[in-house]
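Geometric and topological summary
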Amino acid sequence: MSRADPGTSEAFRIRIRDLAAAAQGDLARLPHRDAEVEELRKERDQALAAVRRCEADLAAQRDIAQRLMADNTRLLDSVGLVAA
């Protein structure tokens, strides 16, 4: 078994050091990234809640319109304005 070339060993050490530094830099950015993701999740949740409120309001308006149509039909029938 031959020993590794000193130049190659030094190149490996430099590469390992560079990879470790890059990994540390990536890990240092994670907390900031977590805050961004959490903020986006909050915004998404708020938007979904607004959509649910709008859907509930729309359903309530639809119910009111249906009741008004039924009431108007009865009123028009009672005065003889609806053709049978």
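Notes on the structure follow. Treat the numbers as computed from the prediction; the structure is a model and nothing was measured. (Residues numbered from 1 in each chain as written. Predicted model: local features only at pLDDT ≥ 70, side-chain atom pairs only at ≥ 80, totals over all residues. Heavy atoms only, no water.)

**Notes on the overall build of the protein chain**
Scanning the protein chain from N- to C-terminus turns up one helix and zero strands. Counting all 84 residues of the protein chain, 0% fall into the buried class. Carbon and sulfur atoms provide 60% of the accessible area of the protein chain, an area that totals close to 7,800 Å². (Helix = DSSP H or I, 4+ residues; strand = E, 2+ residues; numbered from the N terminus. Buried < 20%, exposed > 50% of the residue type's maximum accessible area, 1.4 Å probe, protein only. Areas by Shrake-Rupley, 256 points an atom, 1.4 Å probe, with all protein chains shown as cover.)

**Focus: a negative patch on the surface**
Residues Asp-34, Glu-38, Glu-39 and Glu-43 make up a contiguous surface patch of negative charge. On the secondary structure map, Glu-39 appears in helix H1 (residues 6-78). (Patch = residues over 30% accessible without salt bridge, like charges linked within 9 Å, V, L, I, M, F, W, Y side chains within 5 Å. Salt bridge = Lys/Arg side-chain N within 4 Å of Asp/Glu carboxyl O. Lys, Arg positive; Asp, Glu negative; His and termini not counted. Charge placed at Lys NZ, Arg CZ, Asp CG, Glu CD.)

**Some words on the pattern of salt bridges**
As enumerated under the stated definition, the model contains four salt bridges in all. Between Asp-71 and Arg-74 there is a salt bridge; the shortest N-O distance is 2.3 Å. Of the two residues, Asp-71 and Arg-74 are both situated in helix H1; the distance of three residues between them amounts to about one turn of the helix.

**Considering a nonpolar patch on the surface**
Residues Leu-76, Val-79 and Leu-81 make up a contiguous nonpolar surface patch of roughly 300 Å² in combined accessible area. Relative to the assigned elements, Leu-76 resides in helix H1.

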